[in-house]
Amino acid sequence: MSASQRQDLAIYSNGCIIPPLNPAFKSLNLVTYQQGTHHTWLTQALLENALLDTCSLNSDSSQTARSLNNSRNLEDAKAHVVVVSFMNDLAHWSKNLKKCNNLDVTPSSPNFTFLDCFTNLFSKFITAPTSAQSIEAQVQELFADVTQKIVTAVRAKPAHQRLIVVVENLEFLIAATCLRANQLLCQVSALQNIASHLYVVTQLAPEAIDVSTVASSAHNPVYKATDFLVKMIYRAHLVLQVQPLATGRADDVTGVLRIVRGGLSEEMRLVTGLNVVEKEYLYLVNKDGNAKLFFR
Amino acid sequence: MSTPQNSIVLLNRLLALKESAPFLLVLDTLAQSAYSLVQEFVHKSQTKEVVFLSFETVNRPIYATQFVQCDSLSSQAIIERVHALLPPSAPSAASTKSLVIIDSLNYIASEELSGFISGLMTPTIVLVGVFHSNVPRLESPITNYPQPAEFLTYIASAIFEVQPLVTDSSIDGETLEYAVENLRLPIKAGLNGAVFKLVLVSRRKSGRSLTYKFVVNTATHEVEILQEQDEVAANDDEALLKDLTTFNLTTNKKQQLAKDQVELPFLEAQNFGPGGAIVYEFEKDDDYDEEDPYEDPF
Amino acid sequence: MSFRKRSDVIGAPGQPIPTGGIQRGIRGLPQPISAQSPRGEPMTRGVPVSRVPPFQRSQMFTPTPEVVHPGVRPSTVTSQPTVSTGTNDLDKILLHQGLPLGTSLLLEESGTTDFASVLLRVYAAQGIMHNRLDATKAAPPNTHVIVVGQQSDWGKQLPGLYKGSRKDIKKAKVLEHESKLSVSNLTDAPAPGTGSAAAARDLKIAWRYGLNDKKSSGSSENTTYPDYNNQFDITSRLIPTPSSNEISYIPVTGTLFLGVAEQIEGVIRQNLSRVPTKIIRVVVPNLLSPTLYPPHFSSSMEILPFVHQLRALLRKYPGNLSVVSSLALDLYPKHSSTTVLLENLHDAVIHLLPFNQEIAALIERTYKNDPTKIQHGLVNIYKLPVLSERGVMDIRLNEFAFKNGKKKFEIEAWGIPVEDEGEPEGEHGHQTTKNIDF
């Protein structure tokens, strides 16, 4: 690839990455990733942008970031960020967020809440994954707990501050238990309702989905996973897709980032005036997890 | 035969809820959402009472006088809520009916769908229900029971199938279908936009259904007939021939019709029937030698 | 005669000339510090503390001896503590020179072969070897192996150490014999010169043999971590067989797969309560094999919560735990949703793809003069620990091939072999002459 110019990440028509607060509008954003092209570099950029309004992916801000030796103070963060993870613990996220403008997140950080739905998922919360009777109640309880913790954490939040909620891999609940997509989507709506903007990060394995299937059983894992993903795209305002190059592995390009309008993108445009500007970036991630964006 | 103008009038009447059509079905795909068309219904009908039954919408629309979160309610509970909000026994003197919008019928189990629709229907409401086509289907637990899509298209008074107006000429139907199957929608191609194609199937009282194709622009609220691909091509040819010389090289429709009806010679010979290409018919002036063993049989 | 520590700076101001005995400070063992030679203090004070990574720091800091595990080294990519899988080439393609602690590896295998079993047994044997480094058994055991779904016979089939090539073994035997003779020679007492010359010769051979031994046990560049990994001989057996305080077997029975995870955690807690720095290697051979696991465990609602629990355990004990599992892809196809999720839950995924008949025949023909070059299959990389989850695209297909030799399991770069044309010997030659002669 010849000297391709480094690009800045911009999603909406006003150039921003995360939309501003709008009391009449709560957005649902879907982030999909595949094996080989993990989402961590993108999700941490979104978190950084939510908290600090900066973006380490962009060429200019990374220089100012490195000039700061001490960790960034989250007292005056631009949003309250909640990360709910079904696949990783806080140690994973605080290590990765350190690369983003030296963000220092701990259990006691202001404006940042981590809800661990991973470590004790099956030892405490979902003790009966196979039971159809208990699963809905257990999932209900799990999410009620999550919601309660979020509400408590933002009790002192000023009204003008956005609440950004990022949920990592909740589709795993559908795969690992007898939970159905509709039941999980209920919980997604509930989370979207309490947040300003909800980001759902989920894996998309092209071999394990089938849109034209006619499943013989409601418990068929391919059917359930596809059901969830398709319905999510219909109700999303924005879809960010991280996927490998069609040609496979390359030394100078890790993968492709696609910015796609979701099924309800028109709703966002009509209510907030913000439009998703569709585009495709190429990106490169180095061994430390730092990423750069390019155009084709 | 209805003229193009008539079809536009029909569409506008349907959108304004002026036709006697109690259940209107909107079919959408991942490439084009029904959202914009539903907005058009609200805009054209100017109806005062809009009940929005939400299975997947979180943001309450401005136009909704009632907003019901249905994802955790049973079908029966939803029907009761709607009847409570819009009593069916209200006098039907009002010129415009009440509009009940269902943002997605995909969340109702196939066995319950029939009861749900008929339970909701009353003479004073028009039901506009959206059904997402790309959601994976489930075999009914009862053998032979029809799929929701089949059932809904069967009972609907009119079917509005929205399709994307693809602005990228490199994307044909097959490419788009393949992309949707892999959940990788093409970008910068006009998908999920405010301007889209609409295939309307309208059922007359006799049961006969007529199909019309439109391009709907929900930003300007304009509707026009969709020009099919070959008609467009023919128009291009005509435009080319017109300005070539001072002679009139074009053919108008009458001339074209006359041309098509001309019987070309040797057409029969071009149709190769079974057997040989030569058809021999024995007539009175021919003679046949019966004693010659090598004479051609026919 | 004076003895100095190797790392000591000679002539540094304020350092008294030592008169005391040999002091060993490098491995962190306590030193005998006498009142007359306060060698200990300046040593530690002189060491610059701030820029030394914690690992090496603990080696030099003698007053507070951090127990350094001989089987752990910092990763060559991320510097986090890493253990060896026992197979040097596998360590290399994982990029960290091993499997970082707190991560898991899934070995997938196509076909009905079971090369993965070899790798798993070596992984377990490596752990046992670390336990047995301390011959005096003064220190508590530093490693424990947990095997899921197998019984004690599995432990009896662990490979023993590679003792060197046949030549080296013969030399060792000869040496043994000669040493016996030289003793009796001494008592007969002919020229003392011959005795000492023989002794000197023996010493030379022994020295050379000793060097060979070190070389053949892998880790040639690792003089800093000499016990990190060993080379194993799969035709030999590990003797004595691992005892119950070195290895545990967890049965896969019961109604809930989660119950198995609970048992594993129980064993982990038990071991760590006694020795908090213990390394625990969990081996899961032939995950979900119908011959070992009850059928209902294959349901995604059983297997996925179980593997999720393993992942949670790995993150709970990131300084102690390591997991390696194997999966037969013929039984659980690569693109089925369960396998996709198993790959998602593991930190590293390597796929062994033995060659089909045609390619195997081609390779055998090409290398028929040099059977050591014959490769047995491809090694495809799908996920690497830590790096893949940072976003690096690590999928490498058709780049590596493996050779399952008796001495070791080798992984090398793969290229389609080109058959040499015009080889005059063999049946080809005869055939052409036959044809010409009619």
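Our subject is the structure listed above.
Residues numbered from 1 in each chain as written. Chains lettered and ligands numbered in written order. Predicted model: local features only at pLDDT ≥ 70, side-chain atom pairs only at ≥ 80, totals over all residues. Heavy atoms only, no water.

**Remarks on the pairing of strand 2 (residues 50–54) of chain B**
Residue and element names in this part refer to chain B. As a reminder, the rule being used: Each residue gets one of three labels from its accessible area relative to the maximum for its type: buried under 20%, exposed over 50%, partly exposed in between, using a 1.4 Å probe on protein chains only. Here a strand is any run of E in DSSP of at least two residues, a helix any run of H or I of at least four, and the numbering for each starts at the N terminus. Only strands that DSSP links by at least two bridges are regarded as paired with each other.
Within strand 2, five of the five residues are buried, which leaves it mostly tucked inside the rest of the structure. The alternating pattern of strand 2 places V50, F52 and S54 on one face and V51 and L53 on the opposite face, and all of these are buried. Where strand 2 and strand 4 (residues 98–102) come together, four bridges link them in parallel fashion. From the neighbouring strand, V51 faces strand 4, where its bridge partner is V100. Direction of pairing for strand 2 relative to strand 3 (residues 66–69): parallel, over a ladder of four bridges. By the bridge assignment, S54 is partnered in strand 3 with Q69.

**Some thoughts on the interface of chain A and chain C**
Interfaces are frequently sized by the accessible area removed from exposure as the parts join. The line we're drawing: The contact rule is simple, with two residues in contact once any of their heavy atoms fall within 4.5 Å. Buried area is calculated as the accessible area (1.4 Å probe) missing from two parts once they are joined, with the contributions of both summed. Put simply, a salt bridge is a Lys or Arg side-chain nitrogen that is within 4 Å of an Asp or Glu carboxyl oxygen. Counted as a polar contact is a pair of N or O atoms within 3.5 Å, where, for protein atoms, one must be capable of donating a hydrogen and the other of accepting one, and residues adjacent in sequence contribute only when both atoms are in side chains. Think of it as three bins: nonpolar holds Ala, Val, Leu, Ile, Met, Phe, Trp, Tyr, Cys and Pro, charged holds Asp, Glu, Lys and Arg, and polar takes everything else, Gly as well.
Contact residues are listed per partner, giving 44 residues for chain A and 33 residues for chain C. With both chains or domains summed, chain A and chain C bury close to 3,400 Å², and 61% of this area falls on carbon and sulfur atoms. Area buried by chain A at its contact with chain C is led by A:Q35, A:R249 and A:K287, which between them contribute 20% of it. For the pair chain A and chain C, the interface holds zero salt bridges. The interface formed by chain A and chain C includes nine residue pairs in polar contact (both at pLDDT 80 or more). At the level of elements, helix 1 (40–52), helix 3 (90–97), helix 4 (121–125), helix 6 (172–176), helix 8 (221–235) and strand 10 (279–285) of chain A are the ones that each hand at least two residues to the side of chain A that touches chain C. Among the residues forming the side of chain A that touches chain C, the class breakdown is 20 nonpolar, 18 polar and six charged.

**Regarding the nonpolar core**
For clarity, the threshold we go by: As used in this record, nonpolar core signifies buried Ala, Val, Leu, Ile, Met, Phe, Trp, Tyr and Cys residues forming a set joined through side-chain atoms within 4.5 Å.
Ranked by size, the top nonpolar core spans 130 residues in total, and within it A:F86, B:L53, B:L105 and C:I264 carry the most contacts. In contact with B:L53, other than residues within four places in its own chain, are B:V68, B:C70, B:I78, B:V82, B:V100, B:I101, B:I102, B:D103 and B:L120. One finds A:I11, A:V31, A:L97 and A:L103 within the second-largest nonpolar core, a separate group that totals 52 residues.

**Focus on the sheet that holds strand 3 (residues 99–100) of chain C**
Residue and element names in this part refer to chain C. Read from one edge of the open sheet, three strands run 1-2-3, paired in antiparallel fashion. The open sheet has two edge strands, strand 1 (72–74) and strand 3, and neither has a second partner. Of the strand pairs in this sheet, strand 1 and strand 2 (residues 81–83) are connected by three bridges, and their pairing is antiparallel. Looking at the pairing, R73 lines up with T82 of strand 2.

**Let's talk about the interface of chain B and chain A**
Contact with chain B, which involves 40 residues of that partner, is made by 49 residues of chain A. Overall, the association of chain B and chain A removes approximately 3,700 Å² of surface from exposure, summing both partners, and the carbon and sulfur fraction of that is 57%. Sorting the residues of chain B by area buried against chain A places B:N59, B:P136 and B:L183 first, and these three jointly supply 18% of that buried surface. Across the chain B-chain A interface, the total number found is zero salt bridges.

In short, geometric facts, not functional conclusions.
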